[in-house]
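# Observations on the model geometry
Here is what each chain is made of, one letter per residue.
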Amino acid sequence: MNSNHLFIIGNGFDLWHNLPTNYKDFYQQYREYLDQIEHYFPNGLQEEELWSDFENVLGKFDESILIDENDFMDFSSDDFPTQQMYGLEDAVENFSNDTIQSITKSFTTWINSINLERSVEQMTFPDTAKFINFNYTSTLQQLYKIPVEHVYHIHGNVGQAKPLIFGHTEAVTQAMAEEDSYYTVAINNGRRVLEVLRKPVADIIRDKLNPLLESSATDISVITVIGHSLNKIDLPYFSRIADQFPNAHWQCFSYSLIEATAHRTILGQIGIPIGNLSIGTYKQLVQQYPLKRAVDFP
């Protein structure tokens, strides 16, 4: 990073460009499957969820419901029901693996299907700006012609071989044999859904974000956030960035003034001085970084 201006891009940026990247767009495409597995997630997978809500719900998967549905062990018999226990363990493992693969494949297929052809530029970015992008799309590279090396997709992006990163941040514990020797393996097979569909935020900060921030050749003086919900799952990234550049001036642009006001409170809670923070809507964003049209050039 060798620029003094860092932009942090959230899903609101893509929505501003009329891309169908709401959770409801994903839900509408995979409604049948999501409704089918909803009862394993007590908080639901409804259409009205936000992305942050969907990710949080993934951390509420209840393996006990799955186990109850597949538990045919008969303890009234004189012989320990070994075959039935193994059958339960296999059934739970198979369902867990299918759930992981189905959610991951559906999400990846949907992201890759998003078309930027009808999107148009809304603003102009400074030539030397660098970007931390929470979106999986390549809107910056394709629409704004931002060099690939200037954009860091913190959770991966389309067209790359590496899996996209999404999920909850709840702690996942393993059942111990001394707690329930008959069901330990089945419980842990079910909790594999929680383990795999977990966003490893601490690991990403340690292994990816820290080296990126520490490699900055110049101190970042301006940090501009566009369209990020500042949800609790992603907030540790913002705290780390604020720690790295304590004197930076922050700008946060949101869809509405109500959102912007709420975001000012959140950023203040992670230690950004109010005097170093300004907020606004996309209207103010465009006024500050106006689009350069063809007539603007000699």
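Residues numbered from 1 in each chain as written. Predicted model: local features only at pLDDT ≥ 70, side-chain atom pairs only at ≥ 80, totals over all residues. Heavy atoms only, no water.

## Observations regarding the packing of aromatic side chains
In total, this model carries 30 aromatic pairs according to the counting rule given. Their ring planes at 20° and their centres at 5.4 Å tell us that F7 and F131 sit as a pair that is stacked. Taken as a pair, F7 in strand 1 (residues 5–9) and F131 in strand 2 (residues 130–133) lie far apart in primary sequence, 124 residues in all. There is no split in this pair, since F7 and F131 are both buried. Centroid distance F107 to Y136: 5.3 Å. Interplanar angle 85°. Geometry classified as edge-to-face. (Phe/Tyr/Trp six-rings, centres within 6.5 Å; stacked < 30°, edge-to-face > 60°. Helix = DSSP H or I, 4+ residues; strand = E, 2+ residues; numbered from the N terminus. Buried < 20%, exposed > 50% of the residue type's maximum accessible area, 1.4 Å probe, protein only.)

## What about the sheet that holds strand 1?
The strand order across the open sheet built from 6 strands is 3-2-1-4-5-6, with neighbouring strands paired in parallel fashion. Every interior strand has two partners, whereas the edge strands, strand 3 (151–153) and strand 6 (277–281), have only one. Adjacent strand axes in the sheet meet at a mean angle of 15°, parallel and antiparallel pairs treated alike. Of the pairings in the sheet, the one linking strand 1 to strand 2 comprises 4 bridges and is parallel in character. Bridging across to strand 2, F7 finds its partner in F131. This element, helix 9 (residues 201–214), spans strand 2 and strand 3 of the sheet and lies at about 175° to strand 3. (Pairing = 2+ DSSP bridges. Axes fitted to C-alpha atoms, helices over the stretch in contact; angles between N-to-C directions. Contact = heavy atoms within 4.5 Å.)

## Some thoughts on unusual backbone geometry
Not every positive phi belongs to a glycine, and K145 is a case in point at roughly 60°. Relative to the helices and strands, K145 resides in the loop between helix 7 (139–143) and strand 3. The phi angle at L230 is positive, at roughly 55°, despite the residue not being glycine. Tracing the chain through its elements places L230 in the loop between strand 4 (222–226) and helix 10 (235–244). A relative accessible area of 3% means that L230 is categorised as buried.

## Quick word on the pairing of strand 1
Most of strand 1 is tucked away, with 5 of its 5 residues classed as buried. Of the two faces of strand 1, the one holding H5, F7 and I9 and the one holding L6 and I8 are both buried throughout. Of the strand pairs in this sheet, strand 1 and strand 4 are connected by 5 bridges, and their pairing is parallel. Directly across from I8, in strand 4, lies its bridge partner V225.

## A look at the confidence of the model for the protein
Keep in mind that low pLDDT regions are not for reading the predicted coordinates in detail. Considering every residue of the protein, the mean pLDDT works out to 90; 92% of them sit at 70 or more. Counted against residues more than four places away or in other chains, residues 294–298, with its pLDDT under 50, gives 2 contacts. (pLDDT = per-residue confidence, 0-100.)

## Comments concerning the side chain of H17
In this fold, H17 is placed in the loop between helix 1 (11–16) and helix 2 (23–29). Taking relative accessible area as the criterion, H17 reaches 1% and is therefore assigned buried.

## Some thoughts on the nonpolar core
F26, F41 and F107 are the most contacted members of the largest nonpolar core, which has 38 residues in total. Secondary structure elements with two or more residues in this core: helix 2, helix 3 (31–37), helix 4 (51–58), helix 5 (63–70), helix 6 (82–113) and helix 8 (184–196). Examining the composition of this core, we find that 7 residues originate from one element, helix 6, more than from any other. Contact partners of F26, with chain neighbours within four places excluded, come to L34, W51, F54, S106, F107 and W110. Core analysis: the next-biggest nonpolar cluster, separate from the first, contains 28 residues, Y152, I204, L235 and F245 among them. (Core = buried A, V, L, I, M, F, W, Y, C linked by side-chain atoms within 4.5 Å.)

## Focus: helix 11 (residues 257–269)
Residue pairs three or four apart in sequence face the same way in an α-helix, which turns once every 3.6 residues. Helix length check: helix 11 (13 residues) gives 19 Å between terminal C-alpha atoms against 18 Å at 1.5 Å per residue, within 8%. Where helix 11 is buried, its residues contact helix 10, strand 5 (249–254) and strand 6. (Expected span 1.5 Å × (residues − 1).)

## Looking at the pattern of salt bridges
As enumerated under the stated definition, the model contains 7 salt bridges in all. Salt-bridge contacts for K199 lead to E55; the nearest nitrogen and oxygen are separated by 3.1 Å. Placement of K199 in the loop between helix 8 and helix 9 and of E55 in helix 4 is noted, with a sequence separation of 144 residues between them. Residue class for K199 comes out buried when judged on its relative accessible area of 2%. Where D203 meets R206, a salt bridge forms, and the shortest distance between an N and an O atom there is 3.2 Å. Residue D203 and its partner R206 are both found in helix 9; the two are separated by 3 residues, about one turn of the helix. (Salt bridge = Lys/Arg side-chain N within 4 Å of Asp/Glu carboxyl O.)

## Observations regarding the packing of helix 5 against helix 6
Where helix 5 meets helix 6, the axes come as close as 9 Å, and the angle between the chain directions of the two elements is 130°. Taken as axis vectors, helix 5 and helix 6 run oblique relative to one another. The handedness of the crossing between helix 5 and helix 6 comes out as right-handed. In this structure, helix 5 contributes L66, I67 and N70 to the contact, and helix 6 contributes L88, A91, V92, F95 and S96. A per-class count over the contact of helix 5 with helix 6 returns 6 nonpolar, 2 polar and no charged. (Parallel < 35°, antiparallel > 145°, perpendicular 65-115°, else oblique. Left-handed = near helix turned anticlockwise from the far one by under 90°. Nonpolar A, V, L, I, M, F, W, Y, C, P; charged D, E, K, R; others polar.)

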